[in-house]
Amino acid sequence: MPDPKAFILANTRLQPVPHAPEISLWLADEVTPIWRLTEEELGEMGLPPPFWAFAWAGGQGLARWLLDNPAEVAGKRVLDLAAGSGLVGIAAVQAGATSVLCADIDPFCAAAVALNAAANGVTLAFTDTDLLDAGPPEADVICAGDVFYEQPMAGRVLGWLTQAADRGTRVLVGDPLRTYFPKTGFDLLAEYAVPTTRELEDDAVKRTRVWTLAPVR
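Asks: Just to check I follow, could you spell out the layout of surface pockets for this structure?
Replies: The method is simple in principle: a probe with the dimensions of a water molecule rolls over the atoms, and the space it marks as empty is what remains. Roughly 740 Å³ of internal volume is contained in the largest pocket. Around the largest pocket, the lining comprises 37 residues; the ones closest to its centre are Phe51, Ala82, Asp104, Tyr149 and Met153. Looking at the lining of the largest pocket, the elements with two or more residues in it are helix H2 (31–42), strand E3 (77–81), helix H4 (87–94) and helix H6 (151–166). Of all the elements, H6 adds the most residues to the lining of the largest pocket, at three residues. When its residues are assigned to classes, the lining of the largest pocket shows 24 nonpolar, six polar and seven charged. By volume, the second largest pocket amounts to about 230 Å³.

Below is the structure:
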């Protein structure tokens with residue numbers, strides 16, 4: 001694949017996140033053009049949308065909550081699962097986390113996270129390993145925004161996050177009430193009206209909630 005950093009810089013622009021304007025990200029203005037370009041760049045059709053190129057509602061809500069509740073992550077090791085742009089990881093660092101590992105299997109995400117971290121003057125570690133293939137790594141807090149968008153992924157993530165919660169890891173989830181978000185097991189922390197776009201969602205403002213996953217035992 002050609003240089004992902006160059007691709008991102010050529011096809012996005014640095015702009016503040018609507019619901020967390022303290023943070024700026026390299027984001028695309030439209031879905032379809034960058035989606036097509038991503039498929040062409042990777043030589044593969046039928047790929048999912050480039051999640052790293054947009055500030056999705058769940059991530060925006062979770063980032064806002066971390067910025068407003070810094071004690072949740074201050075002095076702690078944080079994992080940003082399915083990090084995409086790195087939005088939530090950046091918010092965690094700004095809230096005082098001692099370290100943040102962003103994890104995502106999308107081949108563009110390493111470059112997106114690095115560019116966005118630099119734009120906000122923070123340091124983020126990154127891995128493209130599929131962490132769901134093994135038990136949850138050592139972390140004080142695991143953050144997951146917008147991970148319940150399709151059924152197979154939702155079930156896999158829920159089982160993995162439940163393992164983490166059962167061993168004492170704080171699990172925080174941001175989700176705009178997507179179809180596959182679990183109906184039980186979560187405690188509500190906050191609700192926001194998050195600006196988004198009809199290109200991404202079914203409404204220009206999404207009712208988005210931040211939850212913590214209660215341990216099963």
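Asks: Would you take a moment to explain the state of the cysteines for this structure?
Replies: By definition, a disulfide is the covalent link that joins the sulfur atoms of two cysteine residues. Throughout the structure, instances matching the rule amount to zero disulfides. We note that cysteine 143 lacks a disulfide partner, and the nearest cysteine sulfur, in cysteine 102, lies 9.7 Å from it. Overall, cysteine 143 belongs to the buried group, its relative accessible area being 1%.

Asks: What is the right way to look at the packing of helix H1 (residues 4–11) against helix H5 (residues 109–119) in this model?
Replies: When two helices pack together, their arrangement is given by the angle between their axes and by how far apart the axes lie. Following both chains from N to C, one finds H1 and H5 inclined at 60 degrees, their axes separated by 8 Å at the closest point. It follows from the interaxial angle that H1 and H5 lie oblique. The handedness of the crossing between H1 and H5 is right-handed. For the pair H1 and H5, the contacting residues are Pro4, Lys5, Ile8 and Leu9 in the first and Ala111, Ala112 and Leu115 in the second. In the contact of H1 with H5, the residues fall into six nonpolar, no polar and one charged.

Criteria and cut-off values
Note that residues are indexed from 1 along each chain, following the sequence as it is written. Totals for whole chains, interfaces and linings use all residues, but because this is a predicted model, local features are given only for residues with pLDDT of at least 70 and pairs of side-chain atoms are given and counted only at 80 or more. No hydrogens and no water enter the side-chain calculation; it runs on all heavy atoms of the structure. Here a cavity means grid points, on a 1 Å grid over the protein atoms only, where a 1.4 Å probe fits yet cannot get out; a pocket means an open set of points with protein on both sides within 12 Å along at least five of seven lines; lining residues are those with an atom within 4 Å of a point. Grid points are joined across faces, edges and corners, and a volume is the space filled by probe spheres set on the points. What counts as a helix is a DSSP run of H or I of at least four residues, what counts as a strand is a run of E of at least two, and both are numbered from the N terminus. Put simply, Ala, Val, Leu, Ile, Met, Phe, Trp, Tyr, Cys and Pro go in the nonpolar bin, Asp, Glu, Lys and Arg in the charged bin, and everything else, Gly too, in the polar bin. A pair of cysteine sulfur atoms is labelled a disulfide when the two atoms are within 2.5 Å. Exposed residues in this analysis have more than 50% of their type's maximum accessible area, buried residues have under 20%, and partly exposed residues fall in between, with area computed by a 1.4 Å probe over protein chains only. Between N-to-C directions, angles span 0 to 180 degrees; the directions come from axes that are lines fitted to C-alpha atoms, helices contributing only their stretch in contact. By the definition adopted for this analysis, an angle is roughly parallel if under 35 degrees, roughly antiparallel if over 145, roughly perpendicular if from 65 to 115, and oblique otherwise. What makes a crossing left-handed is the near helix being turned counterclockwise from the far one by less than a right angle; a clockwise turn instead makes it right-handed. Any two residues whose heavy atoms approach within 4.5 Å at even a single point are treated as in contact.

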